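Structure assessment
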Amino acid sequence: VGGTRAFVGVPGSAGGSSLVSVDVASDALTPLLDDAFFFTPGALVASPDGSTVAVAGASGLLLLDLASGQARSAAASFGPSAFADGGRWVFSAGAGPLFAVAVDGHVAQVRIPLRAPANAIAAAPDGELVVVGDDTSLHVYCMPESSLHP
């Protein structure tokens, strides 16, 4: 994030994983989430301003506020995620639907059924387009007026 921190999943006890922050200058490790949360490798993304990290795992999508260290559950998703609109929205998709969740704590979620489990996701900076990749194709969704449509 901004060239100062990296986020890494490290093996934990009982086959779980822990999320740590690594200070690039000093190599100092800061634990962020412990073995109680099992995240999916590759399903970790930082907001553009570096204030929030989205971690998607078996128990759903968590949004971690780095200033406070507080995590909150955001959606029942467990796959790749992407931030958009300056970090105001996070999109996440896995084997279930595509979720769009407002990062500011707004509870509204937009759910779009996907044709196949997602392997990758990307969002335009303004959040108007979201691309979801599965094993065979890419699907483009647009979000006019806070509502996604395939």
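Above this text you will find the structure in question.
Residues numbered from 1 in each chain as written. Predicted model: local features only at pLDDT ≥ 70, side-chain atom pairs only at ≥ 80, totals over all residues. Heavy atoms only, no water.

**Some details on the overall build of the chain**
Our working rule: The numbering of helices and of strands both runs from the N terminus, where a helix is a DSSP run of H or I of at least 4 residues and a strand a run of E of at least 2. Summary of the burial criterion: residues with accessible area below 20% of their type's maximum are buried, those above 50% are exposed, and those between are partly exposed, where the area comes from a 1.4 Å probe applied to protein chains only. The contact criterion used throughout is that any non-hydrogen atoms of two residues lie within 4.5 Å. Each accessible area is a Shrake-Rupley estimate made with a 1.4 Å probe; only the visible protein chains count as cover when residues are assessed.
The helix and strand inventory of the chain stands at zero helices and 14 strands. Going residue by residue from the N terminus, the α and β elements of the chain occur as β-β-β-β-β-β-β-β-β-β-β-β-β-β. Residue burial in the chain is summarised as follows: out of 150 residues, 41% are buried. The contacts in the chain between residues at least 6 apart in sequence include a share of 29% that link residues at least 24 apart. On the chain, roughly 7600 Å² of surface is accessible, and the fraction owed to carbon and sulfur atoms is 57%.

**Quick look at the pairing of strand E8 (residues 81–84)**
Stated precisely, the cut-off is as follows: At least two bridges found by DSSP between two strands are what make those strands a pair.
Of the two faces of E8, the one carrying Ser 81 and Phe 83 and the one carrying Ala 82 and Ala 84 are both buried. Here E8 pairs with strand E9 (residues 89–92) via four bridges, running antiparallel. Pairing of Phe 83 across the sheet is with Val 90, part of E9. The turn linking E8 back onto E9 is made up of four residues, and Asp 85 within it adopts a positive phi angle of 55°.

**So, the nonpolar core**
Generally speaking, soluble globular proteins have nonpolar side chains that are buried together. We count it as follows: Joining through side-chain atoms within 4.5 Å is the link that ties buried Ala, Val, Leu, Ile, Met, Phe, Trp, Tyr and Cys residues into a set, and such a set is a nonpolar core.
Counting residues in each nonpolar core, the largest one holds 17 residues, and the members touching the most others are Phe 91, Leu 98, Leu 114, Ile 121 and Val 132. Considering each element in turn, this core owes the most residues, three residues, to strand E10 (residues 98–102). Setting aside chain neighbours within four positions, we find Val 132 in contact with Leu 98, Leu 114, Ala 118, Ala 120, Ile 121, Ser 137, Leu 138, His 139 and Tyr 141. By size, the runner-up hydrophobic cluster in this structure holds twelve residues, among which are Ala 54, Phe 83, Val 90 and Val 103.

**A look at the side chain of His 139**
The test is simple: We call two N or O atoms a polar contact when they sit within 3.5 Å, provided that within protein one can donate a hydrogen and the other can accept it, with sequence-adjacent residues counted only if both atoms are side-chain atoms.
Position of His 139 relative to the elements: it lies in strand E14 (residues 138–142). Given a relative accessible area of 11%, His 139 falls into the buried group. Side-chain polar atoms of His 139 contact the side chain of Arg 115, separated by 2.9 Å. Beyond its immediate chain neighbours, meaning those up to four positions away, His 139 contacts Arg 115, Val 130, Val 131, Val 132 and Asp 134.

**Notes on the pattern of salt bridges**
Just so we agree on the cut-off: Only one rule defines a salt bridge in this text: a Lys or Arg side-chain nitrogen within 4 Å of an Asp or Glu carboxyl oxygen.
Scanning all chains against the criterion turns up one salt bridge. Between Asp 85 and Arg 88 there is a salt bridge whose closest N-O contact spans 3.5 Å. Look at Asp 85 and you get partly exposed, because its relative accessible area is 25%. In this structure Arg 88 comes out as exposed when scored by relative accessible area, which is 53%.

**Some points on the sheet that holds strand E12 (residues 120–123)**
Adjacent strands of a sheet form backbone hydrogen bonds with each other and so pair up, either parallel or antiparallel. Inclusion rule: Fitted lines through C-alpha atoms give the axes, limited to the stretch in contact for helices. The angle between two N-to-C directions lies from 0 to 180 degrees.
What the three strands build is an open sheet, ordered E12-E13-E14; its pairing is antiparallel. What marks the edges here is a single partner per strand, and that holds for E12 and E14. Ignoring strand direction, the axes of neighbouring strands in this sheet form an average angle of 15°. Note: strand E13 (residues 129–133) against E14, five bridges, orientation antiparallel. Each bridged residue has a counterpart across the sheet, and for Val 131 the counterpart in E14 is Val 140.

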